[in-house]
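Coordinate inspection notes
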Amino acid sequence: MSQEMTVATPETAPPPARPSGRLRWRIVGLVAAVFVALSGVRFITGQPMLTDIGTIQTTLAFAVPIGLAGLGGLWAERAGIINIGLEGMMILGTWFSAYFAWSMDSPWAGLVAGIVGGMLGGLLHAVATVTFAVDHIVSGVAINILALGAMRYLSILFYEDVPGAGAAQSPQLPSFPDVGLPFVADLLAPVRATGWFLVSDLASLVAGLTTGMSAVTLLAILLVPGTFWALFRTRFGLRLRSCGENPDAAESLGVPVYTYKYIAVIISGGFAGMGGVFLAMVASSIYQEGQTGGRGYIGLAAMIFGNWRPGGLAMGATLFGYTDALQVRGGGAAVHALLLLIAIGLVAVAVWQWRRGARRTAIAAGVASVLLLAWYLLTDTLPGELVTYSPHIATLLVLALAAQRLRAPAAIGRQWRRS
């Protein structure tokens, strides 16, 4: 008896299995536990800046460009292309958005121009890595260097004789409109003033997320679930991710691998360019040389922390943005209070590792917790140098802790050629 054999194609292949509800609830529980612990630390230490409305809004301002750069890296690396050039693409986004917003007196023209500028950087990276099989790291570093020099040249060319501008900055730029529900902050003001454990912190969180938000910030937040839907819930996303997992198998099933890699890297550049728009026109109202400040690299770190998933990436960007916001608004005293939070977290890690049988890891976490607790009790603040670099220290610590459970796309960085 003959048996008919069928081959699954990208058009007929079933969608990937959805994450289990248990995993989703674990993530929600983890976020809630961290917020409760943060509220407790605020209540014990008497540091209101840990959870006040200003810190929430500043966290968003610092997290959005990091998150957009991370989304750019996610699109490229899910298709198998390492994009170290995110920093340069953000630089392109800052300059192009500033120039066109100023020359056309329209913030929306600046937004479109910044995204297109980043996409041009992505196109250059795609030509080098996909068509000519240049090493991905070499191409990305070259784009970072090229973007910095080229934007310096263009600033001299276009801004040298403009009042209030020069070789390293643009004139004043128009701003985007704010969106939100301003009456929410007024309604919750009495609750926030009480200082009650968890209640006032929740009131500050809600008020911070509904007041004084730029339209670009709202768009960036919506792009996180939009990216998840596009990459993990559509056939287009399935084909694109297959190019980063096994391009040979994808080609054998009729997927145009080169085309999908080009699309992914160009979209990656567009996200990074949008992050540059935010830096030049939302976080500031002027373009300045060196404005990106390494956020493209921190975005890559957030993406790795998130295990190449949009939700985890958003959590990583929020963490880095929060530490940055805290050192800017609260100084050494506020960052000092985080030592207590980290000590509590290490106790939880020690208990969890002990129950799993990892006794050495549990003991190490316990010892570190005791040392941090002693540091907190014996000091009142942290040195200014340590406070300034707390976001970078957080980046290194998070990557060190997260590196054990990462799973990158299988063919990432591979110089693939059509067979």
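Above this text you will find the structure in question.
Since this is a predicted model, take the numbers as computed values, not measurements.

Our focus in this paragraph is the side chain of T55. Along the chain, T55 turns up in helix α2 (residues 53–78). A distance of 2.6 Å separates polar atoms of two side chains, one belonging to T55 and the other to D52.

On the surface, V36, F43, I44 and F197 cluster together into a nonpolar patch covering about 400 Å² of accessible area. Following the sequence through the fold, F43 ends up in helix α1 (residues 21–45).

A separate point is the packing of helix α8 (residues 215–232) against helix α9 (residues 235–245). It is the contact of α8 with α9, at a shortest axis distance of 5 Å, that shows an interaxial angle of 75°. By the angle between their axes, α8 is roughly perpendicular relative to α9. Here A230, L231 and F232 of α8 lie close against α9, whose contacting residues are F236, G237, L238, L240 and R241. Its residues assigned to classes, the contact of α8 with α9 comprises six nonpolar, one polar and one charged.

Attention now moves to the packing of aromatic side chains. The relative placement of two aromatic rings is captured by the distance of their centres and the angle of their planes. Enumeration over the complete set of coordinates arrives at 16 aromatic pairs. Taken together through their ring pairs, the aromatic side chains of W95, F96, Y99, F100, W102, F158 and Y159 make up a single cluster.

Further remarks concern the packing of helix α13 (residues 310–329) against helix α14 (residues 331–356). The angle between the axes and the distance between the axes are what describe a pair of packed helices. One way to put it is that α13 packs onto α14 with a least axis distance of 6 Å and a crossing angle of 140°. Here α14 runs oblique to α13, going by the angle between their axes. Along its contact with α13, which presents Y322, L326, Q327 and R329, the element α14 presents G331, A334, V335 and L338. Residues that form the contact of α13 with α14 fall into these classes: five nonpolar, two polar and one charged.

Before going further, it helps to spend a moment on the pattern of salt bridges. In the structure shown here, the tally under the stated rule is seven salt bridges. D52 is the partner of R329 in a salt bridge, and the nearest nitrogen-oxygen pair spans 3.1 Å. Within this pair, whereas R329 is found in helix α13, its partner D52 is found in the loop between α1 and α2, the two being separated by 277 residues in sequence. Taking relative accessible area as the criterion, R329 reaches 30% and is therefore assigned partly exposed. The partner of E245 in a salt bridge is R78, with the nearest N and O atoms 4.0 Å apart. Taken together, the residues E245 in helix α9 and R78 in helix α2 connect sequence positions 167 residues apart. Here E245 falls in the partly exposed class, since its relative accessible area comes to 25%.

Calculation notes
- Counting restarts for each chain: residues are numbered from 1 in the order of the written sequence.
- Given that the model is predicted, a residue must reach a pLDDT of at least 70 before its local features are reported, and side-chain atom pairs must reach 80 or more before they are shown or counted; all residues, however, enter totals for whole chains, interfaces and linings.
- The side-chain numbers reported here are obtained from all heavy atoms of the structure, hydrogens and water having been left aside.
- Put simply, DSSP marks the helices as runs of H or I at least four residues long and the strands as runs of E at least two long, and each gets a number from the N terminus on.
- In protein, a polar contact requires one atom able to donate a hydrogen and another able to accept it; more generally it is a pair of N or O atoms within 3.5 Å, and residues adjacent in sequence count only if both atoms are side-chain atoms.
- Two joining distances apply to patches: 9 Å for like charges and 5 Å for nonpolar side chains (Val, Leu, Ile, Met, Phe, Trp, Tyr), and every residue must have over 30% relative accessible area and no salt bridge.
- Reported accessibility uses the Shrake-Rupley method at a 1.4 Å probe radius. Residues are deemed covered only where the shown protein chains occlude them.
- Criterion for a salt bridge: a side-chain nitrogen of Lys or Arg within 4 Å of a carboxyl oxygen of Asp or Glu.
- Note on definitions: angles span 0 to 180 degrees between N-to-C directions of axes, and those axes are lines fitted to C-alpha atoms, for helices only across the stretch in contact.
- Small angles under 35 degrees read as roughly parallel and large ones over 145 as roughly antiparallel, with 65 to 115 read as roughly perpendicular and the rest as oblique.
- We call two residues in contact whenever any of their non-hydrogen atoms come within 4.5 Å of each other.
- Classification used: nonpolar for Ala, Val, Leu, Ile, Met, Phe, Trp, Tyr, Cys and Pro, charged for Asp, Glu, Lys and Arg, polar for all others including Gly.
- Each Phe, Tyr or Trp ring, with Trp reduced to its six-membered ring, pairs with another whose centre is within 6.5 Å; inter-plane angles below 30 degrees give stacked pairs, above 60 give edge-to-face pairs, and intermediate values give tilted ones.
- Buried residues are those whose accessible area, probed at 1.4 Å on protein chains only, stays under 20% of the maximum for their type, while exposed residues exceed 50% and partly exposed ones sit between those limits.

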